[in-house]
Amino acid sequence: MENMGSTDRDQQARDYLAIARSLIDELERAMQAIGRNALSDLEDSITEQEVLTARLRALPSPFRVGDDLHPAASPATVQPGLDRQLAKEVSVVRAELQGVNRVYAAVLRHSSNSASLMASLLDSFKGHFQEASGPRLKYQTWSCQM
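Reading the values: the criteria
- Residues numbered from 1 in each chain as written.
- Predicted model: local features only at pLDDT ≥ 70, side-chain atom pairs only at ≥ 80, totals over all residues.
- Heavy atoms only, no water.
- Helix = DSSP H or I, 4+ residues; strand = E, 2+ residues; numbered from the N terminus.
- Buried < 20%, exposed > 50% of the residue type's maximum accessible area, 1.4 Å probe, protein only.
- Contact = heavy atoms within 4.5 Å.
- Areas by Shrake-Rupley, 256 points an atom, 1.4 Å probe, with all protein chains shown as cover.
- Lys, Arg positive; Asp, Glu negative; His and termini not counted.
- Salt bridge = Lys/Arg side-chain N within 4 Å of Asp/Glu carboxyl O.
- Polar contact = N/O pair within 3.5 Å; in protein donor to acceptor, adjacent residues only side chain to side chain.
- Core = buried A, V, L, I, M, F, W, Y, C linked by side-chain atoms within 4.5 Å.
- Expected span 1.5 Å × (residues − 1).
- Arc of directions from axis to C-beta.
- pLDDT = per-residue confidence, 0-100.

What follows covers the overall build of the protein chain. Within the protein chain, the secondary structure is distributed over four helices and two strands. For the protein chain, the sequential pattern of α-helices and β-strands runs α-α-α-α-β-β. Residues classed as buried in the protein chain amount to 27% of the 146 residues present. A separation of at least 24 residues holds for 59% of the contacts in the protein chain among residues at least 6 apart in sequence. Accessible area for the protein chain stands at about 9,900 Å²; split by element, carbon and sulfur atoms hold 55% of it.

Residue placement: Asp10 occurs in helix α1 (residues 2–36). No salt bridge is formed by the buried Asp10; its nearest oppositely charged neighbour, Arg14, is found at 4.6 Å. A distance of 3.2 Å separates the side chain of Asp10 from the backbone nitrogen of Asp83, its partner in a polar contact.

The next subject is the nonpolar core. The biggest cluster of nonpolar side chains holds 24 residues, and the ones touching the most others in it are Tyr16, Leu23, Leu27, Leu56, Leu97 and Tyr104. Contributions of two or more residues to this core are made by α1, α2 (39–57) and α4 (84–123). Take this core: its biggest share by element is 11 residues, from α1.

This part covers unusual backbone geometry. In this model, Asn37 sits at a positive phi of 60°, which is unusual for a non-glycine residue. Turning to its location among the elements, Asn37 is positioned in the loop between α1 and α2.

Within the element layout of this structure, Gln12 appears in helix α1. Between the C-alpha atoms of Gln12 and Pro60, which are 48 residues apart in sequence, the distance is 7.7 Å.

We now examine the pattern of salt bridges. Inspection of every chain in the model, using the stated rule, returns three salt bridges. Where Glu89 meets Arg21, a salt bridge forms, and the shortest distance between an N and an O atom there is 3.4 Å. With Glu89 in helix α4 and Arg21 in helix α1, this pair connects stretches of sequence that are 68 residues apart. The class for Arg21 is partly exposed, based on a relative accessible area of 39%. We note a salt bridge from Arg36 to Asp41, for which the minimum N-O separation is 2.5 Å.

Turning our attention to α2. In a regular helix each residue adds 1.5 Å, so 19 residues correspond to 27 Å; α2 covers 27 Å between its end C-alpha atoms and thus fits that length. Considered for burial, the residues of α2 that qualify are Leu42, Ser45, Gln49, Leu52, Thr53 and Leu56. For α2, the buried positions fall inside an angular range of 100° around the axis, keeping them on one side.

So, on to the environment of Ala20. As for its placement among the helices and strands, Ala20 is situated in helix α1. Residue Ala20 is classed as buried on the basis of its relative accessible area, which comes to 0%. Separated by 74 residues in the primary sequence, Ala20 and Arg94 place their C-alpha atoms 7.5 Å from one another.

Another aspect to go through is the confidence of the model for the protein chain. Any region with low pLDDT has predicted coordinates that should not be read closely. Looking at the protein chain, pLDDT values average 77 and 65% of them are 70 or higher. Within the protein chain, no element has a lower average pLDDT than helix α3 (residues 75–78), which sits at 45, and none a higher one than α2, at 95. With pLDDT under 50 throughout, residues 67–78 is counted as low confidence; its partners more than four residues away or in other chains account for 18 contacts.

See below:
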């Protein structure tokens, strides 16, 4: 009976690893989409992130996505009887997911700030054209005031 429970925990750990690795890939794909300014790719990635996150939430408690927010909880202590190699892999993937998630959050925060700044610049646009004086050709320059 104990062997069956251990097998179930090992399978849950494998499921967690597969989903978490897919989520890491999606976060990286989303960051690349932001860098390329590819809105449709970003939207597709966000949709896939939502699916993967829901799958992580459906896992038993020691492997839930919310547990990733608490790095002090190690898989070996959370899952007694879990295969030692799997426990190590879970710990590594969990740390990698946390790191990629922090970078993704920073990229989103920075992108949001940049978008707000651009919107502010465009909203406060009071552009006017200035013409050069004198014998030179008349050049037009654009300026805006904030």
